[in-house]
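Survey of secondary and tertiary structure
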Amino acid sequence: MDGDEKDLWATFESSEGEDKAKALVNLSYISAQRGDHRESLALCETARDICEFSSPIENKSFLAHIYFGIGYSLRGLKRFSDAALALEKSVLIYQEIGSEDANHILCEEGDAWMEAKEYLKAYEAYRRVIETFNPDTCDIILARNYSGAGMALQRLEEWEMALDHYLEARKIYKTLREPWRIVHCDEEISLCYFRLNDGVNALHYAELALDFAVTAQDEFHILWAKTRLALAKKLLGEHEIALELFIEAKSIMLRLECPDWRSVIKTEHQIAELLDLLGRNDESSEVLRRIKVLEEIIFDGEDDFSVAF
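A few points on the structure. Numbering of residues starts from 1 in every chain and runs along the sequence as written. Local features are withheld for residues below a pLDDT of 70 in this predicted model, meaning they are given only at 70 or higher, and side-chain atom pairs are given and counted only at 80 or more; totals for whole chains, interfaces and linings count all residues. To obtain the side-chain values, all non-hydrogen atoms of the structure were used and water was disregarded.

**Things to note about the overall build of the protein chain**
By definition, any uninterrupted DSSP run of H or I lasting at least four residues is a helix, any uninterrupted run of E lasting at least two residues is a strand, and each is numbered from the N terminus. The helix and strand tally for the protein chain stands at 15 helices and zero strands. Along the first, second and third principal axes, the C-alpha atoms of the protein chain reach 75 × 45 × 35 Å. Buried residues are those whose accessible area, probed at 1.4 Å on protein chains only, stays under 20% of the maximum for their type, while exposed residues exceed 50% and partly exposed ones sit between those limits. The buried share among the 309 residues of the protein chain stands at 48%. Contacts are assigned to residue pairs that have any heavy atoms within 4.5 Å of one another. Pairs at least 24 apart in sequence give 54% of the contacts found in the protein chain among residues at least 6 apart. Of the roughly 15700 Å² of accessible surface on the protein chain, 49% is carried by carbon and sulfur atoms. For this count, His and the chain ends are skipped, Lys and Arg are scored as positive, and Asp and Glu as negative. Charged groups are reduced to one reference atom each: NZ for lysine, CZ for arginine, CG for aspartic acid, CD for glutamic acid. Taken as two groups, the 35 positive and 60 negative side-chain charges of the protein chain have centres that lie 2 Å from each other. Here the accessible surface of atoms and residues is derived via Shrake-Rupley with a 1.4 Å probe, and residues count as covered only by protein chains that are part of the display.

Structure follows, in structure tokens:
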């Protein structure tokens, strides 16, 4: 325990009310920084109890901040639904006092609902930011919520609405000259067009994404741009090229430090499907046989392949 931590504990022991709670919140920062989210949560919850029950305070902003800390700690513990509810409480308090911080936390609430796989709730949180956006606030917040809403809508398989949100996000990011964010939008716009059976536009945005990724020498985005390009080529009937692109994408996936095995498996399914389309049925069957055990381990009956990547 360093000197600052000892001083904070001393302040906690000698104080009352809000000062006591503030010492706990500052201690929670230290716990969070060292990755001890369980301790951080306990400290924030004790601070909340002091402010709400033992010594009710007038400083609503501080109470909202405590609920944000609870939500942050719960996310660290992967208790995503509980985190979203705590963040929702923070939002409500900030809204009650008319603070601009409400929208910042509302975006975090959307992220927590996404992590909890509560995609409709995530979409609703992101949309509330969009609908109450203050034009004097930084535009990147608006773009981030359009993009987040697009992601939630993809999970809900609302492809046309998802496309509209990603196009709006892209438009804002372009005015802000944010190429790293635009390439993500281009990848997801391409996927939406693929799901809407528009191969021409799917191809166009996949090529935009790949052009940037190659220029930036960004292997992560090269991987996803090639995946989107493969889907577009598949839709356009260019099966040989699509197969080559999926094989290249899978190779990049497996070079990453922590491969996303769900995406690897989904890519293998695309490869198997293309092999079938090319009349190479024995090779397709072998791909599916080979990945069966990995598929059972990774998905374990929880997911299907209804949403491409």
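Now that the structure has been shown, we can carry on.
**Regarding the packing of helix α7 (residues 119-131) against helix α8 (residues 139-155)**
All axes are obtained by fitting lines to C-alpha atoms, using only the stretch in contact for helices, and the reported angles, taken between N-to-C directions, cover 0 to 180 degrees. For the pair α7 and α8, interaxial distance at closest approach is 8 Å and the crossing angle is 155°. The orientation of α7 with respect to α8, classified from their angle, is roughly antiparallel. Relative to α8, α7 is oriented so that their crossing is left-handed. Packed against α7, whose contacting residues are Tyr 119, Ala 122, Tyr 123, Tyr 126, Arg 127, Val 129 and Ile 130, the element α8 presents Ile 141, Leu 142, Arg 144, Asn 145, Tyr 146, Gly 148, Ala 149, Ala 152, Leu 153 and Arg 155 at the interface. Looking at the contact of α7 with α8 residue by residue, the classes come out as 12 nonpolar, two polar and three charged. Each angle gets one of four labels, with under 35 degrees taken as roughly parallel, over 145 as roughly antiparallel, 65 to 115 as roughly perpendicular, and the rest as oblique. Here a crossing is taken to be left-handed if its near helix is turned anticlockwise relative to the far helix by less than a right angle, and right-handed if that turn runs clockwise. Three classes are used, and their members are as follows: Ala, Val, Leu, Ile, Met, Phe, Trp, Tyr, Cys and Pro are nonpolar, Asp, Glu, Lys and Arg are charged, and the others, Gly among them, are polar.

**Notes on the pattern of salt bridges**
Think of a salt bridge as a Lys or Arg side-chain nitrogen and an Asp or Glu carboxyl oxygen that are within 4 Å of each other. Considering all chains together, one arrives at 23 salt bridges under this definition. Residue Arg 75 is joined to Glu 108 by a salt bridge in which the shortest nitrogen-to-oxygen separation is 2.8 Å. Here the residue Arg 75 occupies a position in helix α4 (residues 60-76), and Glu 108 occupies one in helix α6 (residues 101-115), the gap between them amounting to 33 residues. Here Glu 108 falls in the partly exposed class, since its relative accessible area comes to 25%. Residues joined by salt bridges that share partners form a network here, namely Glu 5, Arg 34 and Glu 39.

**Things to note about unusual backbone geometry**
One non-glycine residue with positive phi stands out, namely Glu 157, at about 60°. Tracing the backbone through its elements, the reader meets Glu 157 in the loop between α8 and α9 (159-175). Of note, Asn 197 is a non-glycine position whose phi angle comes to about 60°, a positive value. Here Asn 197 is to be found in the loop between α10 (179-195) and α11 (199-216).

**Focus on helix α15 (residues 281-299)**
For a residue, the bend is simply the angle between two axes, fitted respectively to the seven-residue segment ending there and the seven-residue segment starting there. Remark: the principal bend of α15, roughly 45°, maps to Lys 292. For α15, the full list of buried residues reads Ser 284, Val 287, Ile 291, Ile 298 and Phe 299. Where α15 is buried, its residues meet α14 (261-277). Note on α15: the residue one or two positions beyond its end, Asp 300, has a positive phi of about 50°.

**Notes on the nonpolar core**
In terms of nonpolar packing, the biggest core is built from 93 residues, with Leu 24, Ile 66, Ile 70 and Ile 189 touching the most fellow members. Those residues within four positions of Ile 70 in sequence are excluded, and the remaining contacts are Leu 41, Cys 44, Glu 45, Arg 48 and Ala 86. To qualify as a nonpolar core, a set must consist of buried Ala, Val, Leu, Ile, Met, Phe, Trp, Tyr and Cys residues joined through side-chain atoms within 4.5 Å.

**Here's the deal with the packing of helix α5 (residues 80-96) against α6**
Interaxial distance between α5 and α6 falls to 8 Å at its minimum, and their mutual angle equals 165°. Taken together, the axes of α5 and α6 are roughly antiparallel relative to one another. Where α5 crosses over α6, the handedness of that crossing is left-handed. In this structure, α5 uses Phe 80, Ser 81, Ala 83, Ala 84, Leu 85, Leu 87, Glu 88, Ser 90, Val 91, Tyr 94 and Gln 95 to contact α6, whose residues at the interface are Asp 101, Ala 102, Ile 105, Leu 106, Glu 108, Glu 109, Ala 112, Trp 113 and Glu 115. Class assignment for the residues of the contact of α5 with α6 results in 12 nonpolar, three polar and five charged.

**Some words on α5**
To estimate how far a helix should extend, the number of its residues minus one is multiplied by 1.5 Å. Helix length check: α5 (17 residues) gives 24 Å between terminal C-alpha atoms against 24 Å at 1.5 Å per residue, within 8%. Of the residues trailing α5, Gly 98 is marked for its positive phi of about 70°.

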